[in-house]
Amino acid sequence: MDRILIRGGRTLKGSIAIGGAKNAALPLMATGLLTDGRVTLTNAPALADVVTMLNLLGQHGLRVEHDKAAREIHLDGGANNFEASYDLVRKMRASILVLGPLLARYRQARVSLPGGCAIGTRPVDLHLKGLEAMGAKIDLEAGYIDASAPNGLVGAKILFPQVSVGATENLLMAATLARGTTMLINAAREPEIGDLANCLISMGAKIEGVGSDRLTIEGVDSLHGTTHSILPDRIEAGTFACAAAITGGEVLLEGTRLEIFGAVIANLREAGVAMVQEEGGVRASRLNGLHGVDAVTEPFPGFATDMQAQFMALMSVAEGASMITETIFENRFMHVPELSRMGARINAHGTSAIVRGVPRLSGAPVMATDLRASVSLIIAGLAAQGETVVNRVYHLDRGYEQVELKLAGVGADIERLRG
């Protein structure tokens, strides 16, 4: 099993190209089920989760092509298999996003209940209740969602009791082919949802309220193909901003823009990290010392839960104390014991963790528990004295493309140990 070896103490300086957002790419790929036309996605990341979604769509009968050199994904043809099997869905929660498109276009779907990182249950009940409100009949049996809509889906007014990115995406796609008008109220506002909506509009969908918490979708009879560029990955960019800051370095995050970060920008700046928009991207650098700053994860435009572990690693060497509160997922402090092995002073209790900054971390063998925890340990290793070995990095490859090469390109002493 691969490991990542980091010899800490190097200052990062240079440029890192930010890839297309994983959290945008996966729902965008599911749009291929809504049309017989060709959907071409550019700026596509080469990630394990993307490969899993391609395999799933291919299993449904779509013709799929991933040109890694050109960073393009091509999807065309209709589906001829309406079952998403456990073998594929268990690898990635985003597989649930095929449910809405299959049901809307083909009026039937059988999708395994999903798997993914061990960071909480993340139930799919909001997806199912929304589809039922649109006329779907849903049964849960033997770990599968059996859904049908013999007369097609119909528009409905759906109020989410809490913000859900996945449910917003699934119901948004389903509503594009439903009869009548669908209103999604208290919808998630993440930039990736705006990216999905804009792609659907380019396919012929009628959507109003993009970027707000109230989406109105007027169903159409059919959608056509399109070419769409995936927006830059704000989590990858934020991760490398933390890496630059923890080493006292300066890195240009190529191809990204400040407005997609949300509250993360304010937290980084308060902590002493300069984030400046330039023509080619965002420049991240540490001004002087790092200062402890509190952070509370919230739906966008709040502080992203996917940045919590990386920010905690940064705060572990900041002057003073910070409190980090996780409100989105339970079990998302599993990186705390591993950071503590490296000398971090963190006391986690319930949904909050108190981080008291230390002058220096020490390299140690550590174990990755989920995707963002993996990269938080790499960030800590960049600043640690001695060698850090991060084990179980298969999580890392789900969301970061060649992270060790990108970091080595700006001066990190880092390598992947195979086997």
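We now turn to the structure provided with this report. (Residues numbered from 1 in each chain as written. Predicted model: local features only at pLDDT ≥ 70, side-chain atom pairs only at ≥ 80, totals over all residues. Heavy atoms only, no water.)

## Focus: the overall build of the protein
Reasoning step 1: The helix and strand inventory of the protein stands at 13 helices and 24 strands.
Reasoning step 2: In terms of overall size, the protein behaves like a compact globule, its C-alpha atoms giving a radius of gyration of 21 Å where 419 residues would be expected to give roughly 22 Å.
Reasoning step 3: Along the three orthogonal principal directions, the C-alpha set of the protein runs to about 65 × 45 × 40 Å.
Reasoning step 4: Residue burial in the protein is summarised as follows: out of 419 residues, 57% are buried.
Reasoning step 5: When contacts within the protein are restricted to residue pairs at least 6 apart in sequence, long-range pairs at least 24 apart make up 73% of them.
Reasoning step 6: Only carbon and sulfur atoms are counted for the fraction: they give 48% of the accessible area of the protein, which is about 15,600 Å². (Helix = DSSP H or I, 4+ residues; strand = E, 2+ residues; numbered from the N terminus. Rg over C-alpha atoms; globule rule 2.2 N^0.38 Å. Buried < 20%, exposed > 50% of the residue type's maximum accessible area, 1.4 Å probe, protein only. Contact = heavy atoms within 4.5 Å. Areas by Shrake-Rupley, 256 points an atom, 1.4 Å probe, with all protein chains shown as cover.)

## Some points on the sheet that holds strand 4 (residues 63-67)
Reasoning step 1: Sheet architecture is open: four strands sit in the order 4-5-3-14, paired in mixed fashion. Of all strands in the sheet, those bounded by a partner on one side alone are strand 4 and strand 14 (226-229). Put simply, the sheet's adjacent strands are angled 10 degrees from each other on average, direction ignored.
Reasoning step 2: Here strand 3 (residues 39-42) pairs with strand 14 via four bridges, running parallel. When the bridges of strand 14 are listed, Thr 40 appears paired with Thr 227.
Reasoning step 3: Helix-sheet contacts for helix 2 (residues 48-60) involve strand 4 and strand 5 (72-76), and the interaxial angle to strand 4 is about 155 degrees. (Pairing = 2+ DSSP bridges. Axes fitted to C-alpha atoms, helices over the stretch in contact; angles between N-to-C directions.)

## Some words on empty space enclosed by the protein
Think of a ball as big as a water molecule: rolled over the atoms, this probe shows where empty space is left.
Reasoning step 1: The full count for this structure, using the stated rule, is two cavities of 30 Å³ or more.
Reasoning step 2: Approximately 50 Å³ is the volume attributed to the largest cavity.
Reasoning step 3: As for the largest cavity, its lining consists of Gly 19, Gly 20, Pro 45, Leu 47, Asp 233, Glu 236, Gly 399, Tyr 400 and Glu 401.
Reasoning step 4: In terms of residue class, the lining of the largest cavity is built from three nonpolar, three polar and three charged.
Reasoning step 5: The volume enclosed by the second largest cavity comes to roughly 30 Å³.
Reasoning step 6: Lining the second largest cavity, in full, are Arg 234, Ile 235, Gly 238, Phe 261, Val 264, Ala 304 and Met 307.
Reasoning step 7: Element by element, the count of residues in the lining of the second largest cavity is highest for helix 8 (residues 234-246), at three residues. (1 Å grid on protein atoms, 1.4 Å probe; cavity = no way out; pocket = protein on both sides within 12 Å on 5 of 7 lines; lining within 4 Å. Points joined across faces, edges and corners; volume = space filled by probe spheres on them. Nonpolar A, V, L, I, M, F, W, Y, C, P; charged D, E, K, R; others polar.)

## Re the pattern of salt bridges
Reasoning step 1: Scanning the model with the defined rule gives 25 salt bridges in all.
Reasoning step 2: Salt-bridge contacts for Asp 397 lead to Arg 416; the nearest nitrogen and oxygen are separated by 2.8 Å. Residue Asp 397 is found in the loop between strand 23 (387-391) and helix 13 (403-408), and its partner Arg 416 is found in strand 24 (residues 413-417); the two are separated by 19 residues along the sequence.
Reasoning step 3: Residue Asp 397 is classed as partly exposed on the basis of its relative accessible area of 25%.
Reasoning step 4: One salt-bridge network, in which partners are shared between bridges, spans Asp 2, Asp 397, Glu 404, Arg 416 and Arg 418. (Salt bridge = Lys/Arg side-chain N within 4 Å of Asp/Glu carboxyl O.)

## Side note on the nonpolar core
Reasoning step 1: Ranked by size, the top nonpolar core spans 146 residues in total, and within it Met 29, Leu 153, Leu 172, Leu 200, Met 275, Leu 314 and Leu 407 carry the most contacts.
Reasoning step 2: At nine residues, the largest contribution of residues to this core is made by helix 8.
Reasoning step 3: When sequence neighbours within four positions are dropped, the list of residues in contact with Leu 407 reads Leu 12, Phe 240, Ala 243, Ile 378, Leu 382, Ala 412 and Ile 414. (Core = buried A, V, L, I, M, F, W, Y, C linked by side-chain atoms within 4.5 Å.)

## Re the packing of helix 6 (residues 165-175) against helix 7 (residues 191-202)
Each packed pair of helices is defined by two parameters, the angle between the axes and the distance between the axes.
Reasoning step 1: Axis separation between helix 6 and helix 7 bottoms out at 10 Å; the angle between their running directions is 5 degrees. Relative to helix 7, the element helix 6 is oriented roughly parallel. Residues Val 165, Thr 168, Glu 169, Leu 172 and Met 173 of helix 6 lie in contact with helix 7, whose contacting residues are Ile 193, Leu 196, Ala 197 and Leu 200. (Parallel < 35°, antiparallel > 145°, perpendicular 65-115°, else oblique.)

## Looking at the packing of aromatic side chains
Reasoning step 1: Scanning the model with the defined rule gives two aromatic pairs in all.
Reasoning step 2: Taken together, a centroid distance of 5.1 Å and an interplanar angle of 35 degrees make the contact between Phe 82 and Tyr 106 tilted. Within this pair, whereas Phe 82 is found in the loop between strand 5 and strand 6 (83-84), its partner Tyr 106 is found in helix 4 (residues 99-106), the two being separated by 24 residues in sequence.
Reasoning step 3: Ring geometry for Phe 303 and Phe 311: centres 5.3 Å apart, planes at 65 degrees, overall edge-to-face.
Reasoning step 4: Given the relative accessible area of 3%, Phe 303 is considered buried.
Reasoning step 5: The cationic tip of Arg 110 hangs over the ring face of Tyr 144; the distance from NZ or CZ to the ring centre is 4.1 Å. (Phe/Tyr/Trp six-rings, centres within 6.5 Å; stacked < 30°, edge-to-face > 60°. Lys NZ or Arg CZ within 6 Å of the ring centre and 35° of its normal.)

## Considerations on the packing of helix 8 against helix 10 (residues 308-315)
Reasoning step 1: Running from N to C, helix 8 and helix 10 point in directions that differ by 5 degrees, and their axes come no closer than 10 Å. Between helix 8 and helix 10, the angle is such that the two are roughly parallel. Judged by residue contacts, Ile 235, Thr 239, Cys 242, Ala 245 and Ile 246 of helix 8 engage Gln 310, Phe 311, Ala 313 and Leu 314 from helix 10.

## So, the side chain of Glu 169
Reasoning step 1: With respect to the helices, strands and loops of the structure, Glu 169 is situated in helix 6.
Reasoning step 2: In this structure Glu 169 is buried but unpaired, with Arg 234 as the nearest side chain of opposite charge at 8.5 Å.
Reasoning step 3: If we ignore the near neighbours within four places in the chain, the residues touching Glu 169 are Asn 23, Pro 27, Leu 97, Ile 193 and Leu 196. (Lys, Arg positive; Asp, Glu negative; His and termini not counted.)

## A look at the sheet that holds strand 1 (residues 3-7)
Reasoning step 1: Ordered in space as 22-23-1-24, the four strands form an open sheet in which the pairing is mixed. Both edges of this open sheet fall to strand 22 (365-367) and strand 24, since each of them pairs with a single strand only. In this sheet, adjacent strand axes meet at a mean angle of 20 degrees when their direction is disregarded.
Reasoning step 2: Relative to strand 23, strand 1 is paired through four bridges, and the arrangement is antiparallel. Its bridge partner lying in strand 23, Ile 6 is registered against Thr 388.

## A few points about the environment of Ala 48
Reasoning step 1: When you line up the elements, Ala 48 lands in helix 2.
Reasoning step 2: The class for Ala 48 is partly exposed, based on a relative accessible area of 33%.
Reasoning step 3: Distance from Ala 48 to Asp 397, taken between C-alpha atoms, is 5.8 Å for residues 349 residues apart in sequence.
Reasoning step 4: Leave out the neighbours within four places in its chain, and Ala 48 touches Asp 397 and Arg 398.

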